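# Structural characterization, general
Residue-level listing of the chains:
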Amino acid sequence: MALTNERIKQRLTEKFSDQVSKFEEPYGMLTFQVPKDLNLKVLNFLYDDEELKFRFLTTLCAVHYPDNKGRELAIVYHLHNLVDNVRIRFKIYTDISQPDIYTATGLFSAANWLERETYDFYGVNFIGHPNLKRILNVDEMDYFPMRKEYPLEDQTRTDKDDEMFGR
Amino acid sequence: MARPVSYNLIEKPLEPDISLAEMPEGHQGEGFFATTLNKVIGLARKNSIWPLPFATSCCGIEFMATMASHYDLARFGSERVGFSPRQCDLLMVMGTIAKKMGPVVKQVYLQMAEPRWVLAMGACASSGGIFDTYSVLQGIDQIIPVDVYIPGCPPRPEAVIDGVIRIQDLVGKESLRRRNGEKYKALLESYGIQ
């Protein structure tokens, strides 16, 4: 019996009732939302459950929504059930002034670098991460470049005339 | 039917097989030739430059074409591409240099022995190019002094050869005292190099 999205949704609601919300299926991929302090509980449940068996963390990233007051940062987890070949995705939202999230490194070793990358670009503070420092950018960088308030262009450049670039 | 051809219409005298470097100015008679040490050393140096390719992207591919038989950089005395900075005279930086790569480029430059020259090939190495972004160094001249810039994205092999010839010009005309001069010291100082 293949694992269907309805079945996953049913198992999740049985366990967490209305704590998991906003179920959607864009392009057939089950997507839902979880409160930020429940992220580890949900991950653990999806991992340990004998039926769900989501034991592969495909990716983890953040999204910045500057207009979403109080929940500016979304952290997205992509999970894969390798037995039934089913993928799901869930999001947690956090306030940008206090982006503290529990780390998933205890459950998935793969989360180590992914969380470092997310910290590097969005400044999400993963509580309990063994080595939370920059991974891709230079160590001297003093801001989180993918946050929307920072311009994409390099600010150290002096020889560029903005008018020539339509700015 | 014979097809009209659009090449080789103009008869040109064949070049000699071996092209010799031009003799520097000087006095000569039977069995002697006198000129300045500057010129002799310049002549020797400029026709035996060992390049160190620091290729990080598509410019490196164009450089490979330049080195290969069709364009043949060997004609200009630069066929000996060295992969140890300690042996090389010319650092050719070809491609985007990310900020994280900056210290690596600088260290390679520092490991080269004097006299050394630097050639920035392509828009990225010269100015950051299209990568006007937080992670890319906006031109390698922010970290090391550059002698010749080759424009293009990427430059064609002809442009690379032109750049190498310009480097040869600089090498051939450089005064032997330049590297000991105050001006050169100040230049290195401005890059934080002792």
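Refer to the preceding data block for the structure.
Residues numbered from 1 in each chain as written. Chains lettered and ligands numbered in written order. Predicted model: local features only at pLDDT ≥ 70, side-chain atom pairs only at ≥ 80, totals over all residues. Heavy atoms only, no water.

## Let's talk about the overall build of chain B
The helix and strand inventory of chain B stands at six helices and six strands. Ordered by position from the N terminus, the helices and strands of chain B form the series β-β-α-β-α-β-α-β-α-β-α-α. Every one of the 194 residues in chain B was classed for burial, and the buried ones make up 38%. Here chain B contributes 20 positively and 20 negatively charged side chains, and the mean placements of these two sets differ by 7 Å. (Helix = DSSP H or I, 4+ residues; strand = E, 2+ residues; numbered from the N terminus. Buried < 20%, exposed > 50% of the residue type's maximum accessible area, 1.4 Å probe, protein only. Lys, Arg positive; Asp, Glu negative; His and termini not counted. Charge placed at Lys NZ, Arg CZ, Asp CG, Glu CD.)

## Considering empty space enclosed by the protein
All names here are of chain B. According to the stated counting rule, one finds one cavity of 30 Å³ or more in the structure shown. In this structure, the largest cavity spans a volume of roughly 40 Å³. When contributions to the lining of the largest cavity are tallied by element, the ones reaching two or more residues are α2 (58–67) and α4 (122–127). Looking at the lining of the largest cavity residue by residue, the class counts come to six nonpolar, four polar and no charged. (1 Å grid on protein atoms, 1.4 Å probe; cavity = no way out; pocket = protein on both sides within 12 Å on 5 of 7 lines; lining within 4 Å. Points joined across faces, edges and corners; volume = space filled by probe spheres on them. Nonpolar A, V, L, I, M, F, W, Y, C, P; charged D, E, K, R; others polar.)

## Remarks on the pattern of salt bridges
Residue and element names in this part refer to chain A. Overall, the coordinates contain twelve salt bridges over all chains when judged by the stated rule. With a shortest N-O distance of 2.3 Å, D49 and R11 are connected by a salt bridge. Of this pair, D49 sits in the loop between α2 (39–48) and β3 (56–64) while R11 sits in helix α1 (residues 5–16); the two residues are 38 residues apart in sequence, bridging distant segments of the chain. The exposure classification of D49 matches that of R11, with both residues buried. Between D120 and R134 there is a salt bridge, and its shortest N-O distance comes to 2.6 Å. Within this pair, whereas D120 is found in helix α3 (residues 111–122), its partner R134 is found in the segment after β7 (125–127), the two being separated by 14 residues in sequence. Each of the two residues, D120 as well as R134, counts as buried. (Salt bridge = Lys/Arg side-chain N within 4 Å of Asp/Glu carboxyl O.)

## Notes on helix α5 (residues 157–173) of chain B
Because each turn of an α-helix spans 3.6 residues, side chains separated by three or four positions end up pointing in the same direction. Residues and elements named next belong to chain B. Along its 17 residues, α5 runs 24 Å from first to last C-alpha, staying within 8% of the 24 Å computed at 1.5 Å per residue. Burial in α5 covers these residues: P157, V160, I161, G163, V164, I167, Q168 and V171. Buried residues of α5, seen end-on, are gathered within an arc of 160° and therefore sit on one face of the element. Taken together, the buried residues of α5 touch α1 (37–46), α2, β4 (90–94), β5 (117–121) and β6 (148–150). (Expected span 1.5 Å × (residues − 1). Arc of directions from axis to C-beta. Contact = heavy atoms within 4.5 Å.)

## Overview of the nonpolar core
If you look at the biggest cluster of nonpolar residues, it comprises 39 residues, and the most contacted ones within it are F32, L46, Y77 and F90 of chain A. Of all the secondary structure elements, the ones that give two or more residues to this core are α1, β2 (30–33), α2, β3, β4 (73–81), β5 (86–94) and α3 of chain A. Look past the residues within four positions of F32 of chain A in its chain and what remains in contact with it is L12, V20, S21, K22, F23, V42, L46, I88, R89, F90 and K91 of chain A. In terms of nonpolar packing, the next biggest core, distinct from the first, is built from 22 residues, I97, A120, I140 and V146 of chain B among them. (Core = buried A, V, L, I, M, F, W, Y, C linked by side-chain atoms within 4.5 Å.)

## A few points about the sheet that holds strand β3 (residues 51–55) of chain B
Residue and element names in this part refer to chain B. A sheet is described by the order of its strands in space; here four strands give the open sequence β3-β4-β5-β6, paired in parallel fashion. Looking at strand neighbours, the two that pair on one side only are β3 and β6, the edges of this open sheet. The average undirected angle you get between the axes of adjacent strands in this sheet is 20°. Where α2 meets the sheet, it contacts β3, β4 and β5, and its direction lies at approximately 125° from that of β4. (Pairing = 2+ DSSP bridges. Axes fitted to C-alpha atoms, helices over the stretch in contact; angles between N-to-C directions.)

## Comments concerning the interface of chain B and chain A
Contacts between the two partners involve twelve residues from chain B and, on the opposite side, 16 residues from chain A. Where chain B abuts chain A, roughly 1100 Å² becomes buried across the two surfaces, and 47% of that area is made up of carbon and sulfur atoms. Sorting the residues of chain B by area buried against chain A places K100, D132 and Y134 of chain B first, and these three jointly supply 64% of that buried surface. Summed over the shared surface of chain B and chain A, the result is zero salt bridges. Inspection of the chain B/chain A interface yields two residue pairs in polar contact (both at pLDDT 80 or more). Within the side of chain B that touches chain A, the residues separate by chemical class into two nonpolar, seven polar and three charged. (Buried area = accessible area lost by both parts, 1.4 Å probe. Polar contact = N/O pair within 3.5 Å; in protein donor to acceptor, adjacent residues only side chain to side chain.)

## Some details on the environment of P130 of chain A
Residue and element names in this part refer to chain A. Looking at the secondary structure, you find P130 in the segment after β7. You can call P130 exposed: its relative accessible area is 62%. The sequence separation of P130 and G106 amounts to 24 residues, and the corresponding C-alpha distance is 9.6 Å. Setting aside residues up to four positions removed in sequence, P130 forms contacts with T105 and N112.

## Observations concerning the sheet that holds β3 of chain A
Sheets are built from strands that pair by backbone hydrogen bonding, the pairs being arranged parallel or antiparallel. All names here are of chain A. Across the sheet, five strands lie side by side as β1-β2-β5-β4-β3; this open sheet has mixed pairing. Either end of the sheet is taken by a strand with one partner, and the two such strands are β1 (21–24) and β3. Taken pair by pair, the neighbouring strands of this sheet meet at an average axis angle of 15°, ignoring direction. Sheet topology note: the β3/β4 ladder contains eight bridges and is antiparallel. Bridge assignment links H64 to a residue of β4, and that residue is L73. Relative to the sheet, α1 contacts β1, β2 and β5, its axis offset from that of β2 by approximately 20°. Together, β3 and β4 form the strand contacts of α3, whose direction differs from that of β3 by roughly 5°.

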